Every structure is written in C-alpha cells, then in structure tokens.
Amino acid sequence: IEDTDTKVIDTLLPIIQATQLLQARKSEEDVSGICDMCDKLRVSQIIKILNVYTPADEFEERVSPAFVRKIRTKLQERAMEEAKNQAPLLMDAKFSFAVKFPFNPSKIHFDELDIPSLYTSLPNLVRKV
C-alpha cells in the first residue's frame, strides 16, 4: 500500500507545485525560492505558467518579463539536463491507480429486513440475499 501511495504522490507533485507557483509571491527576491520549490516541473512548464498567468484581482500584478528572464537564467543549467534526458512533458492519461476500500462486514441480516409497502416496485429490483 505504501508503494502505491508514493506513486500517487509522485504523480501529483507537479500539479501541487504548479498550484504553489501560481500562489507564490513573484518578486525579484523570490526567484531562487521559486526555482527550488518547483523541482518536479520542467523549466518549460514553469516559464509557460508564468507567461500565461493572469491575476484574478487588481491587488496582484502580471508577472514581469524581467522576472521570467531571471527565472529562465536561474534554471538554465536544469534546462540543459532536461534536454539531454528528454522525459515526456505530459503524464499518461490512461494510467490509473488501484483504489482499495477496506471491507467492513455489516451486522445487518438482509433476510430480516422489512421493506415498507410504500416501495412496491423495490422487490422487483432487489433480491434478498
């Protein structure tokens, strides 16, 4: 079970980091913090998120091109490594994790249930076990 949990968390980490990137302060002092925080995102993904980010309210400003250039410069070495490895950008959409639900037996005996006459069509749909 722990192995499956780790795989699920590893799969969700890029999404978590993308949301953290959107919520983070985007000032000149935060460049190194943002680069360290987004270690599971590719450099191209970070740059794309910053370029297309549109603030929802007037309290926040758009990300400046100078800030994006600083991020790109800071992550340039990481971009070279990514170019060598050529890992896929998107995750497999058809991959699914097994979900396990614990079985808790019921103390109710179905043969002892009394179905009210209000539900006349119910016995046709459900058979007593």
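Residues numbered from 1 in each chain as written. Predicted model: local features only at pLDDT ≥ 70, side-chain atom pairs only at ≥ 80, totals over all residues. Heavy atoms only, no water.

## Considerations on the nonpolar core
Judged by nonpolar contacts, the single largest core of 19 residues is most densely connected at Leu21, Ile34, Ile46, Leu50, Phe67 and Ile71. Taken together, the elements giving at least two residues each to this core come down to helix H1 (2-23), helix H2 (31-37), helix H3 (43-52) and helix H4 (65-74). Setting aside residues up to four positions removed in sequence, Ile71 forms contacts with Val31, Ile34, Cys35, Ile46, Ile47 and Leu50. (Core = buried A, V, L, I, M, F, W, Y, C linked by side-chain atoms within 4.5 Å. Buried < 20%, exposed > 50% of the residue type's maximum accessible area, 1.4 Å probe, protein only. Helix = DSSP H or I, 4+ residues; strand = E, 2+ residues; numbered from the N terminus. Contact = heavy atoms within 4.5 Å.)

## A closer look at the packing of aromatic side chains
Evaluation of the coordinates by the stated rule reveals 0 aromatic pairs. Positioned above the aromatic ring of Tyr53, the side-chain terminus of Lys26 is 4.5 Å from the ring centre. (Phe/Tyr/Trp six-rings, centres within 6.5 Å; stacked < 30°, edge-to-face > 60°. Lys NZ or Arg CZ within 6 Å of the ring centre and 35° of its normal.)

## Considerations on a nonpolar patch on the surface
A contiguous nonpolar surface patch, about 250 Å² in accessible area, is contributed by Leu12, Ile15 and Ile16. For Ile16, the position within the fold is in helix H1. Judged by its relative accessible area of 39%, Ile16 falls in the partly exposed class. (Patch = residues over 30% accessible without salt bridge, like charges linked within 9 Å, V, L, I, M, F, W, Y side chains within 5 Å. Areas by Shrake-Rupley, 256 points an atom, 1.4 Å probe, with all protein chains shown as cover. Salt bridge = Lys/Arg side-chain N within 4 Å of Asp/Glu carboxyl O.)

## Focus: the side chain of Lys26
Here Lys26 is to be found in the loop between H1 and H2. Within the local environment of Lys26, its side chain forms a polar contact with the backbone oxygen of Leu21, the two atoms lying 3.3 Å apart. From its side chain, Lys26 meets the backbone oxygen of Ala24 in a polar contact 2.7 Å long. Once residues within four sequence positions are removed from consideration, Lys26 is found in contact with Leu21, Ile34, Leu50, Tyr53, Glu60, Val63 and Phe67. (Polar contact = N/O pair within 3.5 Å; in protein donor to acceptor, adjacent residues only side chain to side chain.)

## Some points on the confidence of the model for the chain
On average, residues of the chain score 80 in pLDDT, and 81% of them reach the 70 mark or higher. Within the chain, the lowest mean pLDDT, 63, falls on helix H6 (residues 122-125), and the highest, 91, falls on H3. (pLDDT = per-residue confidence, 0-100.)

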